[in-house]
Amino acid sequence: MKLRLIYFTLVGCWILPLLQAGHPIPFEIKLLTVDANEGCDIADFDGDGKLDISAGRNWYRNGDWIPRPVRSIEDRAGYVRSNSEWAYDVNKDGLPDVIAMDFVGSEVYWYENPGKEVLEQGYMWPKHLLADTGWASNEVSYLVDIDKNGIPEWHSNQWIKNTPTMIFSFSTEEREIEIVKGKNTLLEKRSMPTLVGHEIGSINGHGVGFGDINNDGRDDLLFGEGWYEHPKKNPFASEWIYHPDWSIKHSACPMIVKDFDGDGLNDVINSAAHGYGLNFWRSLGPDAEGKIQFDIQLIDDSVSQLHCLVLADLDGDGSEELITGKRIRAHNGRDPGGMEPPGMYYYVWNQNKKVFKRYTIDFGNVGAGLQIRTPDIDADGDIDIVVAGKEGTQILFNKRIN
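In short, a report on the structure. Nothing here was measured: the structure is a model prediction, and the numbers come from that model. (Residues numbered from 1 in each chain as written. Predicted model: local features only at pLDDT ≥ 70, side-chain atom pairs only at ≥ 80, totals over all residues. Heavy atoms only, no water.)

### Details of the overall build of the protein
Our working definition: Working definition: helices are DSSP H or I runs of at least four residues, strands are E runs of at least two. Numbering for both runs from the N terminus. Exposure is judged per residue with a 1.4 Å probe applied to protein chains only, and the accessible area is read against the type maximum: over 50% gives exposed, under 20% gives buried, and values in between give partly exposed. Throughout, a contact is declared for two residues whenever any of their heavy atoms are within 4.5 Å. Accessible surface area values rest on a Shrake-Rupley calculation with a 1.4 Å probe, where residue burial reflects the displayed protein chains alone. Note on charges: Lys and Arg go in the positive column, Asp and Glu in the negative column, and His and the chain ends are not counted at all. Where a charge sits is defined by one atom per residue type, namely NZ (Lys), CZ (Arg), CG (Asp) or CD (Glu).
Scanning the protein from N- to C-terminus turns up two helices and 30 strands. Along the three orthogonal principal directions, the C-alpha set of the protein runs to about 85 × 65 × 40 Å. Evaluated residue by residue, the protein yields a buried proportion of 53% over its 402 residues. A fraction of 50% describes how many contacts in the protein between residues 6 or more apart in sequence connect residues 24 or more apart. In the form shown here, the protein has an accessible surface area of approximately 18,400 Å², with 52% of it arising from carbon and sulfur atoms. Counting 39 positive and 62 negative side-chain charges, the protein places the averaged centre of each group 4 Å from the other.

### A look at the pattern of salt bridges
Where we set the bar: Just to be clear on terms, a salt bridge is a Lys or Arg side-chain nitrogen sitting within 4 Å of an Asp or Glu carboxyl oxygen.
Applying the stated rule across the entire model yields 13 salt bridges. One salt bridge in this structure joins Arg81 and Glu74, with 3.7 Å as the shortest N-O distance. Taking the relative accessible area as the measure of exposure, Arg81 reaches 25% and is therefore partly exposed. Residue class for Glu74 comes out exposed when judged on its relative accessible area of 53%. Close ionic contact of Arg282 with Asp295 constitutes a salt bridge, the shortest N to O distance being 3.6 Å. Here the residue Arg282 occupies a position in strand 22 (residues 276-286), and Asp295 occupies one in strand 23 (residues 292-304), the gap between them amounting to 13 residues. Residue Arg282 is classed as partly exposed on the basis of its relative accessible area of 26%. Each of the salt bridges in this network shares a partner with another, and the network as a whole consists of Glu74, Arg81 and Asp102.

### Notes on the state of the cysteines
Where two cysteines share a covalent bond between their sulfur atoms, that bond is called a disulfide. Inclusion rule: Note on terminology: disulfide denotes any pair of cysteine sulfur atoms within 2.5 Å.
Per the stated rule, a full pass over the model turns up zero disulfides. Cys308 supplies the cysteine sulfur nearest to Cys40, a cysteine that is in no disulfide, at a spacing of 8.6 Å. Cys40 sits in the buried class, given a relative accessible area of 0%. For the unlinked cysteine Cys308, the closest cysteine sulfur is that of Cys253, found at 8.2 Å. Residue classification places Cys308 among the buried positions, given a relative accessible area of 3%.

### Description of the side chain of Asp220
What counts here: Polar contacts here mean pairs of N or O atoms no more than 3.5 Å apart (in protein, one a potential hydrogen donor and the other a potential acceptor; neighbouring residues in sequence count only if both atoms are side-chain atoms).
Relative to the helices and strands, Asp220 is located in strand 17 (residues 220-223). There is a polar contact of 3.0 Å between the side chain of Asp220 and the backbone nitrogen of Ile213. Of the polar contacts made by the side chain of Asp220, one reaches the backbone nitrogen of His230; its length is 2.9 Å.

### Regarding the sheet that holds strand 21 (residues 267-271)
To keep it simple, the criterion reads: If DSSP finds at least two bridges between two strands, the strands pair. Helix axes are fitted to C-alpha atoms over the stretch in contact, other axes to C-alpha atoms as well, and angles between N-to-C directions run from 0 to 180 degrees.
Spatially, the four strands line up as an open sheet ordered 20-21-22-23, and their pairing is antiparallel. Because the sheet does not close on itself, it has two edges, and the strands there are strand 20 (256-258) and strand 23. When strand polarity is set aside, the average angle formed by the axes of neighbouring strands in this sheet is 20 degrees. Where strand 22 meets strand 23, nine bridges bridge the pair, whose relative direction is antiparallel. Within the sheet, the bridge partner assigned to Arg282 lies in strand 23 and is Asp295.

### Concerning the packing of aromatic side chains
How we decide: Working definition: rings of Phe, Tyr and Trp (its six-membered ring) pair if their centres are within 6.5 Å, and the pair is stacked with planes under 30 degrees apart, edge-to-face with planes over 60 apart, and tilted otherwise.
Counting across every chain of the model gives 18 aromatic pairs. Ring centres 6.2 Å apart and planes at 70 degrees place the aromatic pair Trp246 and Phe294 in the edge-to-face group. With Trp246 in the loop between strand 19 (241-243) and strand 20 and Phe294 in strand 23, the pair connects residues that are 48 residues apart, well separated along the chain. Members of the aromatic cluster, each reached through a chain of ring pairs, are Phe260, Phe280, Trp349 and Phe356.

### Topic: the sheet that holds strand 30 (residues 392-398)
Reading across from one edge, 1-30-29-28 is the order of the four strands in this open sheet, with antiparallel pairing throughout. Strands with a single pairing partner mark the edges of an open sheet, and in this sheet they are strand 1 (27-33) and strand 28 (372-373). Pairing of strand 28 with strand 29 (residues 385-389) involves two bridges; the strand directions are antiparallel. Bridging from a neighbouring strand, Arg373 pairs with Val386 of strand 29.

### Quick look at the environment of Ile213
Mapped onto the fold, Ile213 is located in the loop between strand 16 (208-211) and strand 17. Excluding anything up to four places from it in sequence, Ile213 contacts Asp220, Leu222, Trp227, Trp246, Val257, Asn266, Val268, Ile292 and Phe294.

### With respect to the side chain of Ser106
Note that Ser106 resides in the loop between strand 9 (97-101) and strand 10 (107-111). For Ser106, a relative accessible area of 13% corresponds to the buried category.

### Structural notes on the pairing of strand 30
In terms of residue burial, strand 30 counts as a mostly covered element, since seven of its seven residues are buried. In the sheet, strand 1 pairs with strand 30 via six bridges, with the strands oriented antiparallel. Along strand 30, the bridge assignment pairs Leu31 with Gln394. Taken together, the five bridges between strand 29 and strand 30 define a ladder with antiparallel strand orientation. Across the sheet, Ile385 pairs through a bridge with Leu396, a residue of strand 30. Connecting strand 29 to the next strand, strand 30, in antiparallel fashion are two residues.

These figures capture arrangement, not role.
In structure tokens, the structure reads:
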């Protein structure tokens, strides 16, 4: 009886802090594959009502999580040539396709979802060209609705700062498509999806963010070399004013824009994507000359290569946490801390103290590449995390106590 009493007392002491504080949130890790792909996205690819994962060469069906082929990708100089992917129904047939780009190619390709019957047979997805952007220094690419018309645009952040900033819109054009029927090869003209480019400015640079930094109600574009002001009228037919308010060699992808302290001014979360440092830029508003001022506060300098930043409500309290992970072997390990173990972390904002507190999700097994996805992938009512990095593609199942 005495031993039993001790047992229940110990269990009670362990559970009570979790119930009271809610942190740290426990996660269960599932490794899907080991490769060096660094992009991923979430969609119901096979139409069974469950969220699946696409990550590089494969997609993974929800439930069995077996890798099934999507495309072939080359390796080059320590990198898989895939730095971002987005699930999107390009040809409007009701099936989510995959749009992808790589670091050193100028072409944007989309991979056509072949439908349930072909998916079950494990064939590769048909590959189509969306656009040739003309630039091949792609840090990360994004689908984001710039003009707020419900249709996203495509943007590739360039790590070379004197590369033009381009936004590409979806359109269609007549193309000659080769159709094979039996022994005969026919050429037919069909209307195919494409991307049409719009130049915003002549400055780019490693790092990107999308948000209303000047609090005028319109989302601006942030870069490592400053920011572009979203025009009042048509963003693809009006000038974007460039503001060289900062110059940072390796900013985050993406930088986060949000009013964290509740003063009505949107702040910025940024990181040294290829070094140490995660910082809170608390907005002080514009100075007399109109330049936005920031009080830059250190959040964490103990982890390097926090390349990707994401907000999501992990604990279900209605407020979002900041999620990030250590990227490994960026620049083939030449970055500060580049060969240190991977890790996943989240930071909780304390509104009373106006500070972030860090919690460790995992150290040594899981890190983040260039994209972090936050779906409720097991449909249990809380937010999970999906990452693809140079240590593999993995799911972090949220196991918080509701």
